[in-house]
Amino acid sequence: MPVLNVTDRDGTSSLLTAAPGTTLMAALRAEGMVEAICGGTCSCATCHVHIAAAWWEAVGPPTLEETTMLEFSLERRETSRLACQVLLGPEHDGLALSIAPAEG
Ligand code: FES
């Protein structure tokens, strides 16, 4: 089971255990760390996260649809992803990320 190192919007870090095959968004929403208003359909960006640079290659770049959503974000960084579009696997054990600041 991948263990995630997550820094929340208050700057507090915690370790979360996620089931392989679930999305990063599902793991974060279960802990109340993201709203995920659209339920994972890549249309709200309330699951925006910043992947730690060291983990960027393992997570990979956003899809075209995701990039379009992220272009509207003032909090977009080079390692931004929408967590609902990241499928977790054993290769993500130790993944470090931060929840992007809320917008609006
Ligand atoms: S949950 Fe809405 S874009 Fe990810």
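The sections below set out a description of the structure shown in this document. Residue numbers restart at each chain and count upward from 1, following the sequence in its written direction. Selection of residues for local features in this predicted model requires a pLDDT of at least 70, selection of side-chain atom pairs for listing and counting requires 80 or more, and totals for whole chains, interfaces and linings are taken over all residues. The basis for every side-chain value is the complete set of heavy atoms in the structure, and neither hydrogens nor water enter the calculation.

**Points about the nonpolar core**
Rules: Among buried residues, those of type Ala, Val, Leu, Ile, Met, Phe, Trp, Tyr and Cys that are joined through side-chain atoms within 4.5 Å constitute a nonpolar core. For the exposure calls, accessible area comes from a 1.4 Å probe over protein chains only, and a residue counts as buried if that area is under 20% of its type's maximum, exposed if over 50%, partly exposed in between. Secondary structure counts use DSSP, requiring at least four H or I residues in a row for a helix and at least two E residues in a row for a strand, with both numbered from the N terminus. Residues count as neighbours in contact if any of their non-hydrogen atoms are within 4.5 Å of one another.
Core analysis: the biggest nonpolar cluster contains 28 residues, and Leu4, Leu24, Leu28 and Leu97 have the highest contact counts within it. Elements with a minimum of two residues in this core: strand E1 (3-7), helix H1 (24-30), strand E3 (48-51), helix H3 (64-70) and strand E5 (96-99). Among the elements that make up this core, the one with the highest residue count is H1 (four residues). The contacts of Leu97, once residues within four sequence positions are left out, are Asn5, Val6, Thr7, Leu24, Leu28, Val49, His50, Ile51 and Ala52.

**Re the sheet that holds strand E2 (residues 13-17)**
Note the following rule: A pair of strands is considered paired only if DSSP assigns at least 2 bridges between the two. Lines fitted to the C-alpha atoms define the axes, with helices restricted to the stretch that makes contact. Angles between their N-to-C directions range from 0 to 180 degrees.
In space, the five strands of this open sheet follow the order E2-E1-E5-E3-E4, with mixed pairing throughout. Every interior strand has two partners, whereas the edge strands, E2 and strand E4 (80-82), have only one. Averaged over neighbouring strand pairs, the angle between their axes works out to 35° when direction is ignored.

**Overview of unusual backbone geometry**
Here Ala36, not a glycine, exhibits a phi torsion of approximately 55°, which is positive. Mapped onto the elements, Ala36 comes out in the loop between H1 and E3. In this structure, Ala45 is a non-glycine residue whose phi angle is positive, near 65°. Here Ala45 is to be found in the loop between H1 and E3. For Ala45, a relative accessible area of 24% gives the class partly exposed.

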